[in-house]
Structures are given as structure tokens and as C-alpha cells.
Amino acid sequence: PMNFLNEELAGIYFLEPYDPHRVPVLFVHGIAGYPQEFSTLIGALDRKRFQPWFYFYPSAFGLDGISDHLSTLLQRLQVRYGFREMAIVAHSMGGLVSRGAILKYASRTRRDPVRLFVSISTPWGGDANAGGAGSAPVELPASFQDLEPGSPFLRWLFYQDADRRQPKQLPVGVAYHMIFGFGGSDGPCSDGRVSCASQAFLPNQEQALSVLALDDGHTAILHSAEVAKRI
């Protein structure tokens, strides 16, 4: 991850010059992901109305720092270009990063240009396998440690207090939609990487305007015709 930063690769990338007449759609990948994973969704995007952006980042860093970085970049772009609305489509861990960035943006500026937020196969409830990350025989990415169920970052995403009694809502102007998969595993319900229980985490599901569950694997879902149609 340090090489990634030292080479100045982290940032928001455009496929073409900014167009004030088209709404930006930011795609955010998950851990060890990359922008090309969204090729099918980009191919289905109405390019006369929307312009695709990508957040490319070293996903081994802590999620609080990553979401802070994304929020800062969005603030800078909004000041530079003055866009009034945008959409975010995030896959896997990218959904956690995006929700964190949306919350921080609104808290810092008292406004938020994000009008639509779509998460795909996001481990909202964390990953039970991340529970022993701190004591693992080899050093694991900080982001993996943040995926431990009940981690400080996950609590911050959904609750106002440490006792989890006061739910934290997305900004009023954000329309949120959830998509997740249940294919790719012969064992307990999952998409082959993230459990259905984590993807359908109730505090997050309750804030969704729609929920779409598909028989697809964790990465294959990005190439689903149904997902492209819904987005």
C-alpha cells in the first residue's frame, strides 16, 4: 500500500474530461479490487446523461482513513467543478468506504451532492473470519481488521453511540439501494465470499429504499444483466 501512495496512484479517475451537463457516477471497488471490474456496468450506462468516475485506492489501509480520503477528494472536486448531484455505486468493502465518505462529507460541509447510493455485495455486518486478525501469525491489512463484526469503524457507520442505541442515518437527500448475492457457495448462505447475513445486515437494510437479492457470486454479480438493469 505504501508503494501505491508513493507512486501517487490513489485518487478519483475520469474516463474523459469533466462535462457539466452530465451527472457523475462514482464507482468504488472493494478490497484488492480495481476499476475494470465495473466494465459491464459502464457499458450499460447512459453516457449521454452520466459520466463515469472511479475511486482507485490502496485497500489495505484502515477504512476510516480511506473513507476520509474519499470524502476529501469529493469536496475538492465539488469546489472545482460545482456539480450539484452525483451517484455512487460501490462493490463489496467499497460500500463501507462510500457510506463513511458520505457521512463525513455531510458532517463537514452540512451538504451532500450524493443523491443516489447503490451498494453491491457489501459486508455490512463484517466478516467473522476477521475476528483474529490482530493476533494472526502474519500481519494482515488494517482494512481486514476493520471488518471484524462490531469493530469501532463498523459501529461508527451505523450508530451514534457506543451502546448502539441510537441509529445513524444517511443524509436525508441520499436515496440508498442495496444489491447482494447468494450464489457461489455450497455451505451456509453466502456469495462465496461474504455471508448473506452480513450483506443483509438489518440496520443497513432498514435504510434501503429497495433490496435486490440475486443468485450470483461475489464478483460475478458485477456482470449480471439484472444488476446493470437495476442501476
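Counting restarts for each chain: residues are numbered from 1 in the order of the written sequence. Only residues with pLDDT of at least 70 are given local features in this predicted model, and only at 80 or more are side-chain atom pairs given and counted; all residues enter the totals for whole chains, interfaces and linings. Note that water and hydrogens are dropped before the side-chain values are worked out from all heavy atoms of the structure.

(A) Here's a closer look at the packing of aromatic side chains. Here the aromatic set is Phe, Tyr and Trp, taking the six-membered ring for Trp, and pairing holds for ring centres within 6.5 Å; pairs whose planes are under 30 degrees apart are stacked, those over 60 apart are edge-to-face, and all others are tilted. For the coordinates displayed, the defined rule picks out 15 aromatic pairs. When the ring of Tyr55 is compared with that of Tyr57, the centres are 4.8 Å apart and the planes differ by 15°; the resulting orientation is stacked. What links up through ring pairs into an aromatic cluster is the set Phe14, Tyr18, Trp53, Tyr81 and Phe83. The side chain of Lys104 reaches across the aromatic face of Trp156, ending 5.4 Å from its centre. The criterion for a charge sitting over a ring is simple: Lys NZ or Arg CZ within 6 Å of the ring centre, and within 35 degrees of the ring normal.

(B) View of the packing of helix H3 (residues 63-81) against helix H4 (residues 93-109). For the pair H3 and H4, interaxial distance at closest approach is 8 Å and the crossing angle is 55°. Judged by the inter-axis angle, H3 sits oblique to H4. In terms of crossing hand, the pair formed by H3 and H4 is right-handed. Of the residues in H4, those in contact with Leu63, Asp64, Ile66, Ser67, Asp68, Leu70, Ser71, Thr72, Leu74, Gln75 and Gln78 of H3 are Met93, Leu96, Val97, Ser98, Gly100, Ala101, Lys104, Tyr105, Arg108 and Thr109. Residue type decides the class: Asp, Glu, Lys and Arg count as charged, Ala, Val, Leu, Ile, Met, Phe, Trp, Tyr, Cys and Pro as nonpolar, and the leftover types, Gly among them, as polar. The class makeup of the residues in the contact of H3 with H4 is nine nonpolar, eight polar and four charged. Only the stretch in contact is used when a helix axis is fitted, and all axes are lines through C-alpha atoms; the angle between N-to-C directions ranges over 0 to 180 degrees. Counting from the N terminus, the helices are DSSP H or I runs at least four residues long and the strands are E runs at least two residues long. Small angles under 35 degrees read as roughly parallel and large ones over 145 as roughly antiparallel, with 65 to 115 read as roughly perpendicular and the rest as oblique. By definition, any crossing whose near helix is turned counterclockwise from its far helix by less than a right angle is left-handed, and any crossing with a clockwise turn is right-handed. Residue contacts are defined here by distance: any two heavy atoms, one from each residue, within 4.5 Å place the two residues in contact.

(C) Summary view of the sheet that holds strand E6 (residues 175-181). Strand order across the open sheet formed by seven strands is E1-E3-E2-E4-E5-E6-E7, with mixed pairing between neighbours. Each having just a single partner strand, strand E1 (11-14) and strand E7 (210-214) make up the two edges of the open sheet. Averaged over all pairs of adjacent strands, the angle between strand axes in this sheet comes to 20°, irrespective of strand direction. Strand direction decides the pairing type here: strand E2 (residues 23-28) and strand E3 (residues 50-56), joined by six bridges, are parallel. Paired with Leu26 across the strands is Trp53, a residue of E3. Along the sheet, H3 contacts E1, E2, E3 and strand E4 (86-91); its crossing angle with E1, the most-contacted strand, is approximately 50°. Along the sheet, H4 makes contact with E2, E3, E4 and strand E5 (114-120), crossing E4 at roughly 145°. Strands pair, by our definition, only if DSSP identifies at least two bridges between them.

(D) The arrangement of the pattern of salt bridges in detail. One side-chain nitrogen of Lys or Arg within 4 Å of one carboxyl oxygen of Asp or Glu is enough to make a salt bridge. Applying the stated criterion to the full structure yields five salt bridges. As a salt-bridge pair, Asp19 and Arg22 come within 3.0 Å of each other at their nearest N and O atoms. Judged by relative accessible area, Arg22 falls into the buried class, the value being 12%. Residue Asp68 pairs with Arg108 through a salt bridge whose shortest N-O separation is 1.9 Å. Here Asp68, found in helix H3, pairs with Arg108, found in helix H4; they are 40 residues apart in sequence, far enough to count as distant. Burial here depends on accessible area, computed with a 1.4 Å probe over protein chains only, as a share of the maximum for the residue type. Under 20% is buried, over 50% is exposed, and the range in between is partly exposed. Owing to a relative accessible area of 41%, Arg108 belongs among the partly exposed residues under this scheme. Here the salt bridges do not stand alone but share partners, grouping Glu16, Asp19, Arg22 and Arg47 into one network.

(E) Molecular detail of the environment of Pro58. Looking at the element boundaries, Pro58 is found in the loop between E3 and H3. We classify Pro58 as buried; its relative accessible area is 9%. Sequence spacing of Pro58 and Ser92 is 34 residues, and the spatial spacing of their C-alpha atoms is 15 Å.

Functional significance is not addressed by these values, which are geometric in nature.
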